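# Coordinates in review
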Amino acid sequence: ATIETIFELIQDNGLKSRKPKAVLFSAKLILKAVESFGVAVLPISKLTTQSEILIAHSNAQAREVGMKILAELCRALGSKSPLQSSIDKLKPSQISQLDSLLKSQPSATRITRRLRCKMGEPESAQSPEETLAALKMSQAEDEAKRQAARPAIDLFRVLPKTCYREKIKLDKWSEKVAALNALIDAGGEQPYKLVAPSGSVDYAPLIRELRQVLGHTHFAVCSKALAALGMLAEGVGAQLFSNLRPLLTTLLALFKDKKVCNAAGSSLDKMFANVFSFEHLLEANDSIPSSLDEKKQKNALVRKSALEYLARCVKSNGTYGTRGQLRSRDAEELAKLSCQKLNDSDASTRKAANGVLVALLSSNDSQVVEATKGVTESSLKTSNPRAYKSLQLASGSANGISS
């Protein structure tokens, strides 16, 4: 069994037992493991949870052991700060007790035993920074498991229990906002996880209704409709492509309204990688390139915001969703488009275009960087040397264009 499984069993069958002796035995077993093997090789996030369980226990001896485990975690991590969320739950007397434990022994207990799986490895002490990194990784893994295990929400079973259907039809803007809030709340916790479309689950009528609401004159109604669309994009994903793709230029055009600009950007952010790929965003018709054409889109704020959106997509590619991959050919198209917009009549749009190029050149993918360099070399070095030099300075020596 893995170490994680062992500690889970101790927690489920020992710490949560109704028998005080079983709880105390399990608590001492955890403390002995921490002191013998060291925090670094054990599941730190589980140890944190177990210390909280013990500190909140009705048995005084169990609480004392819990405090000792928490103190050892603080020593291994270098300070109390990484465990502040656990410390905030303590009573003032318990915080004083923890401080006394740390004052009497500032450094982590010297390990006396090694795990069998570590026997062949050279012995080395793990720094507090490395232990903290392990804690963060463990917490991220636990959260990913929790998110994967939680059930998808059937929005159309929850909505009838809310005021949505009743209030969305009313004329007053505040009633529509209340209806849209009810819709968003029905989606559950973030990141959203909704049931996939099927014979009994059809999102098309709801999306059509939200599209109509986008035309409302009050910015609060429009903003909430955008948030609802973002929820659907994140919660359902690529299966809503055919429903949401026709909305792309509509959402981009909303950048012209400063009151809903942030809401439009947030909604589009959720659509990227979940529903739209770079290929979709760069299509010639009814997509970002047409929204950047000064002959078609006269509003400079729309052009600037669309480029800022592209820069965010470049920076976040691969971190969420299933369609966020940035390929070298995507980078080439993005670079060409951005180089063209360096000639835009609006200064803020030119700056935003430069931001896209800097984001591409800062990529960890060498193929993306090389594709971008190839475009900027051919497009800017002779025809727009000032922009080329500015890009060199902005992108930095490490990832910038070689001169």
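What comes next is a walk through the structure. (Residues numbered from 1 in each chain as written. Predicted model: local features only at pLDDT ≥ 70, side-chain atom pairs only at ≥ 80, totals over all residues. Heavy atoms only, no water.)

### Things to note about the packing of aromatic side chains
What the rule picks out here adds up to four aromatic pairs. Ring geometry for Phe272 and Tyr320: centres 6.5 Å apart, planes at 85 degrees, overall edge-to-face. On the criterion of sequence distance, the pair formed by Phe272 in the loop between helix 15 (261-271) and helix 16 (278-281) and Tyr320 in the loop between helix 18 (300-316) and helix 19 (328-341) is long-range, its members being 48 residues apart. Given a relative accessible area of 29%, Tyr320 falls into the partly exposed group. Site record: aromatic cluster; members linked through ring pairs are Phe272, Phe278 and Tyr320. Looking at Arg323, its charged tip hangs above the ring of Phe241, at a distance of 5.6 Å from the centre. (Phe/Tyr/Trp six-rings, centres within 6.5 Å; stacked < 30°, edge-to-face > 60°. Helix = DSSP H or I, 4+ residues; strand = E, 2+ residues; numbered from the N terminus. Buried < 20%, exposed > 50% of the residue type's maximum accessible area, 1.4 Å probe, protein only. Lys NZ or Arg CZ within 6 Å of the ring centre and 35° of its normal.)

### Concerning the side chain of Lys46
Along the chain, Lys46 turns up in helix 3 (residues 44-55). Setting aside residues no more than four positions away along its own chain, Lys46 makes contact with Glu4, Phe7, Glu8, Gln11 and Asp142. (Contact = heavy atoms within 4.5 Å.)

### Here we look at the packing of helix 11 (residues 204-213) against helix 12 (residues 219-236)
Relative to each other, helix 11 and helix 12 sit at 155 degrees, their axes nearing to 9 Å. Here helix 11 is positioned roughly antiparallel relative to helix 12, judged by the angle of their axes. Helix 12 is crossed by helix 11, and the crossing has left-handed handedness. From helix 11, Leu206, Ile207, Leu210 and Val213 reach across to helix 12, where they touch Val221, Ala225, Ala228, Leu229 and Leu232. Of the residues that constitute the contact of helix 11 with helix 12, the class distribution is nine nonpolar, no polar and no charged. (Axes fitted to C-alpha atoms, helices over the stretch in contact; angles between N-to-C directions. Parallel < 35°, antiparallel > 145°, perpendicular 65-115°, else oblique. Left-handed = near helix turned anticlockwise from the far one by under 90°. Nonpolar A, V, L, I, M, F, W, Y, C, P; charged D, E, K, R; others polar.)

### A closer look at unusual backbone geometry
Note on backbone geometry: most residues besides glycine have negative phi, and most peptide bonds are trans. Here the bond from Gln190 into Pro191 is cis, since omega is -10 degrees, no more than 30 degrees from zero. Even without a glycine there, the phi angle at Ala273 is positive, about 75 degrees. Tracing the sequence through the fold places Ala273 in the loop between helix 15 and helix 16. Owing to a relative accessible area of 1%, Ala273 belongs among the buried residues under this scheme. Despite not being glycine, Asp286 has its phi angle at roughly 50 degrees, a positive value. Relative to the assigned elements, Asp286 resides in the loop between helix 16 and helix 17 (288-292). A relative accessible area of 52% means that Asp286 is categorised as exposed.

Nothing here speaks to function; it is all geometry.
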